[in-house]
Structure formats: structure tokens, C-alpha cells
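Descriptive structure summary
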Amino acid sequence: MDRKNSYAIEVSKVYEMINQINNDLENEEDMNDRSTKGIKKIIVKYALILVEVKQIKSYFNRLDSPFCFVHEHQFMLNALSEYVKATEDIVAAIKVESRVFTEKPYLIVLKIQNNATEKISKVAKLLI
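Considering the packing of aromatic side chains
- One pass over the structure, following the stated rule, counts 2 aromatic pairs.
- Each ring, one from Tyr 7 and one from Phe 60, has its centre 6.3 Å from the other, and the planes form 50 degrees; the classification is tilted. Taken together, the residues span a long stretch of sequence, with Tyr 7 in helix α1 (residues 3–27) and Phe 60 in helix α2 (residues 36–62) at a distance of 53 residues.
- Relative accessible area serves as the criterion here: at 3%, Tyr 7 is assigned to the buried category.
- Between Tyr 7 and Phe 69, the ring centres sit 5.7 Å apart and the planes meet at 20 degrees, which makes this aromatic pair stacked. Of this pair, Tyr 7 sits in helix α1 while Phe 69 sits in the loop between α2 and α3 (70–93), and the two are 62 residues apart along the sequence. Per residue, the accessibility class of Tyr 7 equals that of Phe 69, and both read buried.
- Taken together, the aromatic side chains of Tyr 7, Phe 60 and Phe 69 make up a single cluster linked through ring pairs.

Following this line, the structure appears as C-alpha cells:
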């Protein structure tokens, strides 16, 4: 298998991992639970996701992209960085004490995370 195909397979794996995270979040029943217990579960869920997306970003950063994909590789890395930052901001925006899960800070960073997902998707579809 040539280097371009191997790289495309790795990009596909990263793309699928991010999609799986997003699908899990969309289908998570606790995401609609605004009780203190529900909000704590959401915080834990996002904290675990944060660890996972940092590992994905680190993994992708170590990939050796073919020269013809250097620009796309950097774009994907930037999008993954945005996704990590947005996930960090989501964790910071959710407060148990004041139950501010649905307030503006959360919704703003959720939109940023979704935009990063779109960028990841765009690059992955070019390379897959």
C-alpha cells in the first residue's frame, strides 16, 4: 500500500473517532437531564471526551503526512485543536452549582465545537 493510501486510512480513522464521539453525545440520554446529578454526569462525560480528543489530536499530530497533503494535514490539526479547545471550554461552561448548562457560554462553545467538526469532516472527505 502506498503512503497516500495509508495516510488516507489514518485520516479516516480519526474522522470516524470524532464522528463516534459526536454521535454518542447526540444520543446520550443524560444530555437532557438538568438535575444536579444529570449535570454532573454531563461534566464527567465531557471530561472523558476531552481526554479522548486530546489523544486523537496527539495521534494525528504524530502521523507523517505525504508531501502532497501537508496543507490538509495542518488544516486538520488546526481543526482538531479547535475541537479540543471547544471541549475544554464546554467543561468550563457547565456549572453544577448554578445549573447553567443551557446558558449562553455552553451554547457558544458547542457551536465552536460543531464548526471544528465540520472542518474535520471537510478535510477528511477530501482525503478519504
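A look at the nonpolar core
- Counting residues in each nonpolar core, the largest one holds 34 residues, and the members touching the most others are Val 53, Phe 60, Met 76, Leu 80, Ile 94 and Ile 120.
- Of all the secondary structure elements, the ones that give two or more residues to this core are α1, α2, α3 and α4 (104–127).
- Counting residues per element, this core draws most heavily on α2, which supplies 9 residues.

Quick notes on the rules
- For every chain, the first residue of the written sequence is number 1, and numbering continues from 1 along that sequence.
- At least 70 in pLDDT is required for a residue's local features to be given in this predicted model, at least 80 for side-chain atom pairs to be given and counted, and no such filter applies to totals for whole chains, interfaces and linings, which use all residues.
- Remark: hydrogens and water are excluded; side-chain values derive from all non-hydrogen atoms of the structure.
- For this analysis, a ring pair means two rings from Phe, Tyr or Trp (six-membered ring only for Trp) whose centres lie within 6.5 Å, classed as stacked if their planes differ by under 30 degrees, edge-to-face if by over 60, and tilted for the remaining angles.
- The helix and strand labels rest on DSSP assignments: H or I over at least four residues marks a helix, E over at least two residues marks a strand, and numbering proceeds from the N terminus.
- Burial here depends on accessible area, computed with a 1.4 Å probe over protein chains only, as a share of the maximum for the residue type. Under 20% is buried, over 50% is exposed, and the range in between is partly exposed.
- Buried Ala, Val, Leu, Ile, Met, Phe, Trp, Tyr and Cys residues form a nonpolar core when they are joined through side-chain atoms within 4.5 Å.

Take it as geometry only, folks, not as evidence of what the structure does.
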